[in-house]
Amino acid sequence: MASMNTPSSAPPTAADPFGAHLRHWRQHRRLSQLDLAHEAQVSTRHLSYVETGRAEPSREMVLRLAERLDVPLRERNALLVAAGYAPMYRQRSLDDPALAAARRAVDLVLKGHEPYPALAVDRHWNLVAHNALVPMLMAGAAPHLVEAPVNVLRLSLHPDGLAPRIANLAQWRAHLLERLQQQIAATGDATLAELHDELAAYPQPQVSHDAPAAGGELSNVVVPFQLVTPQGVLSFISTTTIFGTPVDVTLQELAVESFFPADAQTAKTLSTLAGR
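Residues numbered from 1 in each chain as written. Predicted model: local features only at pLDDT ≥ 70, side-chain atom pairs only at ≥ 80, totals over all residues. Heavy atoms only, no water.

Enquirer: Please explain the sheet that holds strand 2 (residues 127-130) as it appears in this structure.
Expert: With antiparallel pairing, the 5 strands of this open sheet are ordered in space as 2-1-5-4-3. Looking at strand neighbours, the two that pair on one side only are strand 2 and strand 3 (225-229), the edges of this open sheet. Strand-to-strand twist of the sheet, defined as the mean angle between neighbouring strand axes without regard to direction, takes the value 30°. The strands touched by helix 6 (residues 100-112) within the sheet are strand 1 (118-121), strand 2 and strand 5 (255-261), with strand 2 carrying the most contacts at an inclination of about 55°. (Pairing = 2+ DSSP bridges. Helix = DSSP H or I, 4+ residues; strand = E, 2+ residues; numbered from the N terminus. Axes fitted to C-alpha atoms, helices over the stretch in contact; angles between N-to-C directions. Contact = heavy atoms within 4.5 Å.)

Have a look at this one:
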């Protein structure tokens, strides 16, 4: 049986022509040629010619179509290259000296969030940076799950990771899988689709903790994260921060996850652990 995340057609490769890339993204966004032509303000005939290779798009046309299709920056570079143009968006490691200011900004956000946990992840949910409180949450996980690169979703849901310590595991698992599915829909990323299938196949451990139910008014607004620790059950809500107007692939794909205490007891415990 096919996976729920297996696309109807394989994503184009670097060797494929521009038309194949365009068709892939148009179908991924569930748009007809007529719909996309209207959005991009071009004729349907010209768009058809571009998609079939009978006409070559200008650089401006490539960027216009990519914008209308909401193509991520990394894939916009692939579209440009397939059309015979140079990539427009830089792709660099966050450790690159040119991104020193961005790295300082990320570290400032993480440090400023203490005494509460916060971490930065890349597009595949691999851990990039974290503040001093995060290792406390990761404590007790199997060594192979905390070896670099650490995938925070795998660490969270793996039976040898945090899963046995998550008091509201079913609720949190459903939340993470839904978020991942939304990301796959937006990016068409095959690696994320494989990660989703891996996580969804994990057995759900039988968790038995003296933890409060994840309900009440809070659960009507956000999905809490309840973690069993030696200090008791810590309850969190989380937010995601991204760069608003990136022109660099690395920055567009970087996200900061910040965890806030969902109750007074959790806030007090975290302050004590941080020595405040």
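Enquirer: Would you mind showing me how to read empty space enclosed by the protein here?
Expert: Leftover empty space is mapped by rolling, across the atoms, a probe with the size of a water molecule. If you walk through the whole model with that rule in mind, you get 2 cavities of 30 Å³ or more. Its volume calculated, the largest cavity comes out at about 250 Å³. Lining of the largest cavity is provided by 18 residues; of these, Leu 119, Val 152, Ser 156, Trp 172 and Phe 259 occupy positions nearest its centre. Secondary structure elements with two or more residues in the lining of the largest cavity: helix 7 (134-138), helix 8 (152-157), helix 9 (169-187) and strand 5. (1 Å grid on protein atoms, 1.4 Å probe; cavity = no way out; pocket = protein on both sides within 12 Å on 5 of 7 lines; lining within 4 Å. Points joined across faces, edges and corners; volume = space filled by probe spheres on them.)

Enquirer: Honestly, the side chain of His 196 in this entry has me stumped. Any pointers?
Expert: Within the fold, His 196 resides in helix 10 (residues 190-200). Judged by relative accessible area, which is 5%, His 196 ranks as buried. A distance of 3.3 Å separates polar atoms of two side chains, one belonging to His 196 and the other to Gln 181. (Buried < 20%, exposed > 50% of the residue type's maximum accessible area, 1.4 Å probe, protein only. Polar contact = N/O pair within 3.5 Å; in protein donor to acceptor, adjacent residues only side chain to side chain.)

Enquirer: How do you make sense of helix 13 (residues 264-273) when you look at a structure like this?
Expert: Residues spaced three or four apart along an α-helix face the same direction, because each turn holds 3.6 residues. Taken together, the buried positions of helix 13 are Thr 266, Ala 267, Thr 269 and Leu 270. The buried residues of helix 13 all sit within an arc of 165° when viewed along its axis, so they share a single face. Among the exposed residues of helix 13, those pointing more than 90 degrees away from its buried face are Ala 264, Gln 265, Lys 268 and Thr 272. Next to the buried residues of helix 13 lie helix 7, strand 4 (232-242) and strand 5. The opening residue of helix 13 is Asp 263, an N-cap whose side-chain oxygen sits 3.3 Å from the backbone nitrogen of Gln 265. (Arc of directions from axis to C-beta.)

Treat this as a map of the structure, not an account of what it does.
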